[in-house]
Amino acid sequence: MGLFDFLKVTVKDRKPAKPAGRMAVSVVECDGKSFPIVSLTPKGFVARGFDGSLIVGQNARVSVRVDDPAGKFTFAATVAVVEVKGPTFGATWALLPPEVEGAIRHYAQNRKQQDAKSTR
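As recorded by an unreviewed UniProt entry, the chain carries the name PilZ domain-containing protein and is attributed to Azospirillum humicireducens.

K.L.:
Which residues make up the pairing of strand 2 (residues 33-40), and what are the values?
P.N.:
Across four bridges, the pairing between strand 1 (residues 25-30) and strand 2 is antiparallel. By the bridge assignment for strand 2, Glu 29 is matched with Ser 34. The loop that links strand 1 with its antiparallel partner strand 2 comprises two residues; one of these, Asp 31, has a positive phi angle of about 55°. Bridge analysis of strand 2 against strand 3 (residues 44-48) gives three bridges, and the strand direction is antiparallel. Its bridge partner being in strand 3, Leu 40 is matched across the sheet by Phe 45. Count of turn residues in the strand 2/strand 3 antiparallel hairpin: three residues.

K.L.:
Describe in detail unusual backbone geometry, supporting the description with residues and values.
P.N.:
The residue Asp 31 is not glycine, and still its phi comes out positive at about 55°. If you trace the backbone, Asp 31 turns up in the loop between strand 1 and strand 2.

K.L.:
How would you summarise helix 1 (residues 98-119) if you had to cite specific residues and measurements?
P.N.:
Taking 1.5 Å of rise per residue, 22 residues should cover 32 Å, and helix 1 covers 32 Å from first to last C-alpha, within 8% of that figure. Among all positions of helix 1, only Val 100, Ile 104 and Tyr 107 are buried. What you see down the axis of helix 1 is that its buried residues fit within an arc of 60°, all on one side. In helix 1, the exposed residues that point more than 90 degrees away from the buried face are Pro 98, Glu 99, Gln 109, Lys 112 and Lys 117. Residues of helix 1 that are buried make contact with strand 1, strand 2, strand 4 (59-68), strand 5 (71-85) and strand 6 (88-93).

K.L.:
Which residues make up the sheet that holds strand 1, and what values go with them?
P.N.:
What the six strands build is a closed barrel, ordered 1-2-3-6-5-4; its pairing is antiparallel. Across the sheet, the axes of successive neighbouring strands diverge by a mean angle of 45°, strand direction being ignored. Inspection of the sheet shows strand 4 paired to strand 5 by ten bridges, in the antiparallel sense. Bridging across to strand 5, Val 62 finds its partner in Ala 77. The sheet contacts of helix 1 involve strand 1, strand 2, strand 4, strand 5 and strand 6, and relative to strand 5 the element is tilted by about 85°.

K.L.:
Any chance you could break down the packing of aromatic side chains for me, citing the residues and the numbers?
P.N.:
This structure, assessed with the given rule, holds eight aromatic pairs. Measuring from ring centre to ring centre gives 5.9 Å for Phe 73 and Tyr 107, while their planes differ by 80°; the resulting arrangement is edge-to-face. With a gap of 34 residues between them, Phe 73 in strand 5 and Tyr 107 in helix 1 connect regions that are remote in the sequence. Take Tyr 107: its relative accessible area is 4%, and that puts it in the buried class. Judged by centre distance (5.4 Å) and plane angle (65°), the ring pair of Phe 75 and Trp 93 falls under edge-to-face. Taken as a pair, Phe 75 in strand 5 and Trp 93 in strand 6 lie far apart in primary sequence, 18 residues in all. Each member of the pair, Phe 75 together with Trp 93, is buried. Aromatic rings pair up to connect Phe 35, Phe 45, Phe 50, Phe 73, Phe 75, Phe 89, Trp 93 and Tyr 107 into one cluster.

Conventions adopted
- The numbers attached to residues start from 1 for each chain and follow its sequence in the written order.
- The predicted origin of the model limits local features to residues at a pLDDT of at least 70 and limits the giving and counting of side-chain atom pairs to 80 or more, whereas totals for whole chains, interfaces and linings rest on all residues.
- No hydrogens and no water enter the side-chain calculation; it runs on all heavy atoms of the structure.
- Strands were regarded as paired on the criterion that DSSP finds at least two bridges between them.
- Secondary structure elements follow DSSP: runs of H or I no shorter than four residues count as helices, runs of E no shorter than two count as strands, and numbering proceeds from the N terminus.
- By this rule, a helix spans an expected 1.5 Å times one less than how many residues it contains.
- Burial here depends on accessible area, computed with a 1.4 Å probe over protein chains only, as a share of the maximum for the residue type. Under 20% is buried, over 50% is exposed, and the range in between is partly exposed.
- This arc describes the spread of directions from the helix axis toward the C-beta atoms.
- Working rule for contacts: check all heavy atoms of both residues, and any pair within 4.5 Å makes them a contact.
- In this analysis, axes come from line fits to C-alpha atoms, helices being fitted only over the stretch in contact, and the angle between any two N-to-C directions falls in the range 0 to 180 degrees.
- For Phe, Tyr and Trp, rings pair up if their centres lie within 6.5 Å, where Trp contributes its six-membered ring, and each pair is then called stacked (planes under 30 degrees apart), edge-to-face (over 60) or tilted (otherwise).

Listed below in C-alpha cells is the structure:
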C-alpha cells in the first residue's frame with residue numbers, strides 16, 4: 001500500500017436533489033393560532049382544526065393567508081363567528097375592502113375551474 005493510495009478512491013457522482021415542492025398553505029390566523037381553510041367566499045369562510053377558542057356570535061380579528069395554485073394573497077379582517085361544528089367553524093366578514101372582495105371572487109372562480117378539471 002502506497003502513501004497516496006487514498007487519492008485513488010472513486011466517488012460516484014450524485015445528481016443534485018430536487019428541491020422540495022412548495023406546499024399549498026391557506027390558513028386563517030386568530031390569536032396566534034392557525035386554522036386551515038376549507039372554503040373561502042366573499043361572504044365568509046369555513047376552517048378546520050378548530051380548538052373551541054371562539055363562540056358563536058363572537059367577533060374576532062383574523063389574518064387570512066391564501067397560498068395555493070388558485071391564488072396567493074393575504075389580508076386582515078374582522079369576522080363574526082356564525083357556526084361551530086366539532087373541529088370546524090364558519091365566520092362571515094364584517095366589512096371587506098372592494099379590492100379584497102375582488103381577490104376572493106377571482107380566487108373562488110379559479111378554485112371552481114381547478115376542481116372542475118380535476119373531476120374530469
